[in-house]
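Architecture and fold: a report
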Amino acid sequence: MPSDRYDTPKTPVSLDITKLDNFKYDMDHCIKCKGCYWVEHSYMPGVNFSVRCPSNYWNDFDSYGAFGKCRIGLGVLDGKLEWTDKLLEIIYADPLCGACDVGCKRNLDLEIGLTLEALRVKAVEEGAGPMPAHKKIAKNIATKHNQFGAPHENRKKWVTKDIKVAEKADVLYFAGCSASYKNQDIAKATAKIFNASGTPFMVMADEQCCGNTIFSVGMLDEARELAKRNIEAVKASGAKTLVTSCAECYRTWKVDYPKLLDIATSDLGFEVIHLIEFADAAIKNGSLKLTQSVDVRFAYQDSCGVSRLSDPWTPWKGTRGWMGCVEPGLKRRRGTKGLYTQARDIFNAIPGATFVEMPRTRENAFCCGAGRGTKEAFPELASVSAKHRMEEVKHVSAEALVAACPWCKSNFAQAIKENGDNVKVMDIAELIIAAVEI
Amino acid sequence: MSIVKSAYNAIESVVGSRFISDDPAICEGYRSGPGGYESGLGYERVMTTIPHAVAMPKTTEEVQKIVKICNRYKVPYVPYATGFYGPRSHCHVENELLIDMKRMNSFEIDEKHFCINVGPGVIYSPIQQECLNKGAYVVIGGGGAQASAIANLIGDGWSPLSHRIGLPHRRILGTELVLPDGEIVKMGSLANGDDPFWGDGPGPDLRGLLRGFTGLRGCLGIVTKMAIKTLPFQPEPLVPTGISPNTGLALPTNRVKWINYQVPNKAAQIKAMFEVGKAEIAGAITKVPLFWRAINKAECKEEFWELWGKENEETIKNFFIVRVLLIGFTSEEQMQYDENVLNDIMAECGAVPRATRPLDESWIKNADSAGMWLMCGSYVSVDYIIESLSQATKHGEFYADTKKKYTPPLMPDYGDPGWFQSFECGHQGYSEFLVYWDQDEDTNGVDQFYLETSKMNIRERCYTSLLGPHQPMYLTGPMYGPNYHEWMLKIKDEFDPLWVCHPPVPLAHDEFVKRAEWMKPMEDWETPEKLPMPDWK
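Residues numbered from 1 in each chain as written. Chains lettered and ligands numbered in written order. Predicted model: local features only at pLDDT ≥ 70, side-chain atom pairs only at ≥ 80, totals over all residues. Heavy atoms only, no water.

Quick notes on the overall build of chain A
When helices and strands are counted, chain A shows 18 helices and 11 strands. Taking 2.2 N^0.38 as the reference for a compact globule, 438 residues should give roughly 22 Å; the C-alpha atoms of chain A span a radius of gyration of 21 Å, in line with that estimate. In terms of overall dimensions, chain A has C-alpha extents of about 70 × 50 × 45 Å along its principal axes. Taking all 438 residues of chain A together, the buried fraction comes to 66%. Taking all contacts inside chain A whose residues are at least 6 apart in sequence as the whole, residues at least 24 apart take part in 78%. Accessible surface, chain A: about 15200 Å² in total, of which carbon and sulfur atoms supply 50%. (Helix = DSSP H or I, 4+ residues; strand = E, 2+ residues; numbered from the N terminus. Rg over C-alpha atoms; globule rule 2.2 N^0.38 Å. Buried < 20%, exposed > 50% of the residue type's maximum accessible area, 1.4 Å probe, protein only. Contact = heavy atoms within 4.5 Å. Areas by Shrake-Rupley, 256 points an atom, 1.4 Å probe, with all protein chains shown as cover.)

Written as structure tokens, this is what we have:
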């Protein structure tokens, strides 16, 4: 050991979110640069649209930014802070959109996203969390197998006569709660894209909620049971590829299930892709032909689950030693595997349509504010976020906003209605199918 | 004693209930450390605490009212823009009010007169983009892209882009200051009207008083508005490119270009800077710490140490780089002329150009200071010096020697003396000494090193920027003044007789040395047993 170094003992550490202790180093080393809050500085568009954190945009106090939450997390860990309504609001009024995580990792190696998840797990573990609205969702899922408490038997009502569903196929379409009950046009459009490309697809015999919200609010035991059940169902179906049209389902299947089960995404036993990936490949290999002109000038919402949150999961445990270095090597998830390019390649293939980028785009996109239990517990935050994003849509003179997530679509649609805006919101599946001659 | 309810209620009536809180979870979010600039050190542990309450004003009038209430009820307060400057910009005493300025984020650009007007909540990178959109640029730098422009300019504000212009704070044109008692002072031409065309007259010019050499951390009032000079740039767009963490601005190389040169020795480095300045070319010329190159190449801290671990004192001692930014301000022809002149100068200096990416990853807009924390987790720039170019490098050698004695806990940097560059086209040399450590280790040595540097500067007769708010004033004041400390305290007493504005600054470091056991053995200067200020404990 060279004399210019300390002989620092090595401390065990892992990415396990059931122990907030695993992220003490990360919380300890937040430097308040607010990379979690500001748009990455090279991409900074100017004084307008300069932030990327919906939580801290909604409430200006530092505690609502990830940098404040790191300090609060340490206070919780040390037992200095008691669970109060305000503390729970700070922890749960947050769509966990991942903007903070990728922002921090521009310069540092801190696991901010996992820290915020672990904080919620601790809140649940200590009987303080989640919020009442989340408990209601958990009850709905337990009794009706969907977020809304709608009758389970209505789940497949979106499958109409003009849609061909195979009994057995390599591709399994997981519609998710929102597209099954609230945004059926998305499920229908997705199915028609499969049909138009000549790709046989099946659906689950008994599809149930993916558990996105209950995982996100820290109810890991319940989420883990759902993960096991759903993964077994896919394996039993014989599907090789599971396709989602929902960004939240996509992230849950691809990232959170492996995280819950301590396996790698590649060990799921089947591939998880989003419709974006399917359609992009189908357009490029010629099986999906976009021939109809779509006369629309539109902007795109890089929905968080298909962008900065979608890097595959690999379990990691090891030690931390001198200068905080870890071993074995850890490939940090920095949001670089998002489906940014694939979505844009699709847009460029749509005849007649004009795609315009908003100032905040790709990993710097501003979340709609609805995801991961936020809209249900903090509807004002979701509304403020969506309306703020709509200012950006109007700033680039777009006539429509396209998203890749039904939760984004619903939230934006509500904001547009409340604002009286003359902007259309649609899902990427609906845009694609509009360009397909059926 | 906590903030009395009547004071809290009065402030609440000023800002509205949504913008004030004394909830423990809200206040905990304003804790200084344990991470951040200079954090994890003794000063942060001993001298800082969380606020009793936080208020977020929107207007200058609201700031004035809050400050007057604080005076009336003897509530200590600290102004806070982004909180990036570490412990010295956070609450130091119990039951303190933190005035969070982020809602004061107004921005105006005067394209015709090359000037911007900003509030304290506006940071550097959006300002620079707005300026670039109008064919201008601004030099702020210092604390980085994420720091408040006002805080930067009344605090630090160094940048390689200062090569042409000198100290960035000279670009302050007009300032609106709420004094510690709530009265308002407008500096520069703002004293006589609304046009901030000139910084030092015909009204009172208190800029020097406001910031000293590196700022007084808000202990003489709150700057609520500032007009900043912008400068003509060139018209081609600088296009953001890449995905995090590998992002930057793609440069139009016909008009903007970084070039790295390897030179044979330190004398050649200095000569290159001097000659480039004399020729009045380039937008920046700088020598950065060599480990910054490893930060730039590494994707994670483990990779940094893999790269940096291959170096040693010999490799560092014999490796000299000069980094030049060329800007074709007026035309491609001017750019070509500058490059030809530069090549001639560099050839005379025995320099060899090295492959340089056509990208600006830091300085023009990003000012990437947050990357400083990658390899160790903790960082502070221990001094910022303006001297002649040749003296700046000698100063660096003194620092390198002192650093060795404190490594560890300081990061092994193999004798690299730090960062230095040309200001005002070579008329000034700027040097900055950066130290890094792991805050989870025993950091007493870092605290001691920090103080040791003051003694080193006094012993070696070097200038120092770290006077009042950064070092014991009773150590530095008599040596640099000879009565700087008395002068400073008289001003403080005059402006802030109750010492409600960010106490105990400017005597905070004196107080720290008295409180921290591991610092006491170093106290070999004369200092009053009781420091001349109210007791806020």
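Some words on helix α16 (residues 379–395) of chain A
Residues and elements named next belong to chain A. When the terminal C-alpha atoms of α16 are compared, their 24 Å separation across 17 residues agrees well with the 24 Å that a helix rising 1.5 Å per residue should span. Residues of α16 that are buried include every one of L381, A382, S383, S385, A386, H388, R389, M390, E392 and V393, and no others. Packed against the buried residues of α16 are α2 (54–58), β6 (297–300), α15 (374–377), β10 (400–403) and α17 (406–419). (Expected span 1.5 Å × (residues − 1).)

Focus: the sheet that holds strand β1 (residues 11–14) of chain A
Residue and element names in this part refer to chain A. The three strands lie next to each other as β1-β7-β8, forming an open sheet whose pairing is antiparallel. With one partner strand each, in any of the chains shown, β1 and β8 (326–327) form the two edges of the open sheet. Pairing geometry for strand β7 (residues 317–320) and β8, over two bridges, is antiparallel. Looking at β8, one finds that T319 is bridged to E327. (Pairing = 2+ DSSP bridges.)

Some details on the interface of chain A and chain B
Think of interface size as the accessible area that goes away when the parts come together; that is how it is often given. With 58 residues of chain A at the contact, the number on the chain B side is 76 residues. Interface area for chain A against chain B, summed over the two sides, is near 5500 Å², with a carbon-plus-sulfur share of 56%. On the chain A side of the interface with chain B, the three residues burying the most area are Y6(A), F61(A) and M323(A), jointly 14% of the side's total. Taken together, the links from chain A to chain B amount to five salt bridges. Residues R334(A) and E299(B) are paired through a salt bridge, measuring 3.7 Å at the closest nitrogen-oxygen approach. (Buried area = accessible area lost by both parts, 1.4 Å probe. Salt bridge = Lys/Arg side-chain N within 4 Å of Asp/Glu carboxyl O.)

Points about the side chain of E176(B)
Residues and elements named next belong to chain B. For E176, the position within the fold is in strand β8 (residues 172–178). A polar contact is formed between the side chain of E176 and the side chain of T60, at a distance of 2.6 Å. Dropping the residues within four chain positions of it, E176 is found in contact with T60, I184, V185, K186, I222, V223, T224 and K225. (Polar contact = N/O pair within 3.5 Å; in protein donor to acceptor, adjacent residues only side chain to side chain.)

Focus: the packing of aromatic side chains
Considering all chains together, one arrives at 42 aromatic pairs over all chains under this definition. Following the ring pairs from residue to residue traces out a cluster consisting of W322(A), Y37(B), F84(B), Y85(B), F291(B), F304(B), W305(B), W308(B), W373(B), Y379(B), Y414(B) and Y436(B). The ring of W313(A) carries the charged tip of K259(A) above its face, separated from the ring centre by 5.2 Å. Cation over ring: K492(B) sits above W499(B), and NZ or CZ is 5.2 Å from the ring centre. (Phe/Tyr/Trp six-rings, centres within 6.5 Å; stacked < 30°, edge-to-face > 60°. Lys NZ or Arg CZ within 6 Å of the ring centre and 35° of its normal.)

Describing the sheet that holds strand β4 (residues 97–100) of chain B
Residue and element names in this part refer to chain B. In space, the four strands of this open sheet follow the order β1-β2-β4-β3, with mixed pairing throughout. The outermost strands of the open sheet, each flanked by one partner alone, are β1 (20–21) and β3 (77–80). In this structure, strand β2 (residues 53–55) lies alongside β4, joined through three bridges in parallel fashion. Its bridge partner being in β4, V54 is matched across the sheet by L98. Across the sheet, helix α4 (residues 60–73) is in contact with β2, β3 and β4; its angle to β4 comes to roughly 170°. (Axes fitted to C-alpha atoms, helices over the stretch in contact; angles between N-to-C directions.)

Side note on the nonpolar core
Core analysis: the biggest nonpolar cluster contains 315 residues, and W253(A) and L97(B) have the highest contact counts within it. Apart from residues lying up to four places away in sequence, L97(B) is in contact with I3(B), I11(B), A53(B), V54(B), A55(B), I66(B), C70(B), V75(B), P76(B), Y77(B) and V78(B). (Core = buried A, V, L, I, M, F, W, Y, C linked by side-chain atoms within 4.5 Å.)

Quick look at the packing of helix α1 (residues 5–15) of chain B against α4(B)
All names here are of chain B. Between α1 and α4, whose axes approach to 10 Å, the crossing angle comes to 175°. Viewed along their axes, α1 and α4 adopt a mutual orientation that is roughly antiparallel. Of the residues in α4, those touching α1 at S6, A7, A10, I11, V14 and V15 are E62, K65, I66, I69 and Y73. Of the residues in the contact of α1 with α4, the class split is eight nonpolar, one polar and two charged. (Parallel < 35°, antiparallel > 145°, perpendicular 65-115°, else oblique. Nonpolar A, V, L, I, M, F, W, Y, C, P; charged D, E, K, R; others polar.)

So, the confidence of the model for chain B
The pLDDT averaged across chain B works out to 91; a share of 97% of its residues lies at or above 70. Scored as a complex, the prediction yields pTM 0.96 and ipTM 0.96. (pLDDT = per-residue confidence, 0-100.)

Thoughts on helix α14 (residues 444–460) of chain B
Residues and elements named next belong to chain B. Helix length check: α14, at 17 residues, gives a terminal C-alpha distance of 24 Å against a target of 24 Å (1.5 Å per residue), a fit within 8%. The buried fraction of α14 amounts to 12 of the 17 residues, a majority that puts the element mostly inside the structure. Along α14, the residues that are buried comprise G445, V446, D447, F449, Y450, L451, E452, T453, S454, K455, M456 and N457. In the core, the buried residues of α14 are packed alongside α3 (42–47), β19 (378–387), α13 (389–405), β21 (428–437), α15 (473–480) and α17 (508–515).

Examining the environment of V39(A)
Residues and elements named next belong to chain A. As for its position among the elements, V39 is in the loop between α1 (24–28) and α2. The class for V39 is buried, based on a relative accessible area of 0%. Residues V39 and I193, 154 residues apart in the sequence, show an inter-C-alpha distance of 35 Å.

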